[in-house]
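# Survey of secondary and tertiary structure
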Amino acid sequence: MSELDQVVEHTEHNEVPDDDRSGLARGRRVVLGVVGGAALMAVGGLLATTLVKSPAQVAAETGPPAQGALTAEVERRVLAQTLVMRGSVVADQSVEVSPQGIRSGDGAGSGAAMVTKLPQKAGDPVTAGQLIAEVSGRPVFTLHGTQPMYRDLKPGATGDDVAQVQQALRELGHGTGADPKGVFGAGTKAALAARYRAIGYEPLPAVADGGAALKSAREAVRSATWAVEDASGSAGSTGQGGAAAAGPGPSGTPAPAGSGKGGTTTGTGAVGGAGSGRELQRARQALTEAQAVLAAAEAADGPMLPAAETVFLGSFPARVSSVGARVGSPVSGPVLTLSAGELVVEAYLKDDKKQLLRAGMAVVVSSEVAGTDVRGKVALVAAERSAAQPAGRPQQQDQGQSAKGGGDGPGAGGGADLGYRMVVRPDQPLPAGFAGQDVRLTIESAATDGEALVVPVTAVSAGADGRTVVTAVSAEGTQRRIEVRTGTSGDGFVAVTPAQTGSLVAGTRVVIGVAPGGTREKRGTAK
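No experiment lies behind these values; they were computed from the predicted model shown. (Residues numbered from 1 in each chain as written. Predicted model: local features only at pLDDT ≥ 70, side-chain atom pairs only at ≥ 80, totals over all residues. Heavy atoms only, no water.)

So, about the pairing of strand 7 (residues 138-144). Within strand 7, 6 of the 7 residues are buried, leaving the element largely enclosed by the surrounding structure. Sheet analysis places strand 6 (residues 131-135) next to strand 7, joined by 4 bridges and oriented antiparallel. Bridge pairing in strand 7 places Val135 opposite Arg138. (Buried < 20%, exposed > 50% of the residue type's maximum accessible area, 1.4 Å probe, protein only. Helix = DSSP H or I, 4+ residues; strand = E, 2+ residues; numbered from the N terminus. Pairing = 2+ DSSP bridges.)

Structure below.
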């Protein structure tokens, strides 16, 4: 037997019986099961301890945390108080054209006015003397001037409004002749008629009688002239007959009446001569009166300028902001709106802000649409409140036009109270694209005179003794109260001056409140 066969035989004799091996495996499985169960029970116990809490533990966890001081750093900088509000970009002058009182060329004034022509559309430029609309067959045109039309102007009228019309006509090349300033005379009539013909219309007559009054006055003068001629001829014949009948006296002078010399008709001739003289005198008086009536009729005759046919604008070129009517529609509101002058920003202030603002303050105009900022200044803060107009924002001035930028009377128009009107004028002209935009206004209403110590307003408190103090915190956490005097405030900060020089410096941390969870410092500064 080889050595290898002996090893195999020995190994086969040492193998464990099958029954013993199965029992050993079962024992191992039991041990593993016990260990696994113990492990599961341990994990479950741990989970239970995290979910189940005692009342004391719950109260401790839900109670308020420990409190500490919230601090901020004292700064040295220029402090400016700013106000932020919204405003609308509008033209310096905005006029709503609403020709309600216009009458047709045939003199008929009944019936509602109707739009018969609209040659302009929104965005179109407008020049002085230009036709902008036609209502009931009558023109509506522009003239240069700042005073609104409040009455119809007729020949013989006088006043500053007449002088404005004369100047506007001269600017358009229509001379007013020898008419004095502010007097609607023959030269002004000729200039006005020329302007109407230039836009393709005939002016309305000042006297709407078809010329009957002037014709009658001229006929009266003619009749009076003939009466004077007849009376003059009759007086001449009678005078010659009387002289012949009277004859000369011995010294060559006419013989006295009743002397008997020269015939018996002397008395009759004298009576006839006196009667003819009175007739001539009366005829001449009647002629003078007729000539005066004719002069008055001629002065009153001629073209008139209705208020409803004219729109005065302070500067040109202007532009059509909007068209509110269409051809064929009755005039029930603004037919169109004209804008003239540079673009400005308009806002309305409540009482609290009105007290803080005045003309000359610096303003930053920010357009979110264009993404640009433009600097400007407050040009106007109205002293009286403005009211919204029922038919539109501008305030009504007369039957023909209404303008924005004028009256700020309280309760004007019976509309809602808007507040105090403020106008911001930019340092540089605003781009045309800004027109009509809603923009943000940032106004610097106050500022310190140079750099000053600045702290948050919550850092300042008043003691029982009336002193104003801040509480400074050292690096070790100790606190001390420092008396200060307050100055300009803005954006949540206030300028302070320590009562004792050097007791408060930039970089010192001051208490501004109480923070939960221990002492937490406010790092950094608000801008």
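From this point, things continue past the structure.
Okay, the sheet that holds strand 6 next. The sheet built from 4 strands is open, its strands ordered 4-6-7-8 with mixed pairing. Every other strand in the sheet has two partners, leaving strand 4 (115-117) and strand 8 (310-313) as the edge strands with one partner each. Adjacent strand axes in the sheet meet at a mean angle of 30°, parallel and antiparallel pairs treated alike. Relative to strand 8, strand 7 is paired through 4 bridges, and the arrangement is parallel. Opposite Thr142, over in strand 8, you have Val311 as the bridge partner. (Axes fitted to C-alpha atoms, helices over the stretch in contact; angles between N-to-C directions.)

A few words on the pattern of salt bridges. Summed over all chains, the structure comprises 17 salt bridges. One salt bridge in this structure joins Arg77 and Glu75, with 3.1 Å as the shortest N-O distance. With a relative accessible area of 22%, Arg77 lands in the partly exposed category. For Glu75, a relative accessible area of 9% gives the class buried. Lys121 is the partner of Asp124 in a salt bridge, and the nearest nitrogen-oxygen pair spans 3.3 Å. Each of the salt bridges in this network shares a partner with another, and the network as a whole consists of Arg86, Glu368, Asp438 and Arg440. (Salt bridge = Lys/Arg side-chain N within 4 Å of Asp/Glu carboxyl O.)

On to helix 5 (residues 186-198), then. For helix 5, spanning 13 residues, the distance from its first C-alpha to its last is 19 Å, which sits close to the expected 18 Å at 1.5 Å a residue. Among all positions in helix 5, only Gly187, Thr188, Lys189, Ala191, Leu192, Ala193, Arg195 and Tyr196 are buried. Of the residues flanking the end of helix 5, it is Gly200, one or two places downstream, whose phi is positive at about 90°. (Expected span 1.5 Å × (residues − 1).)

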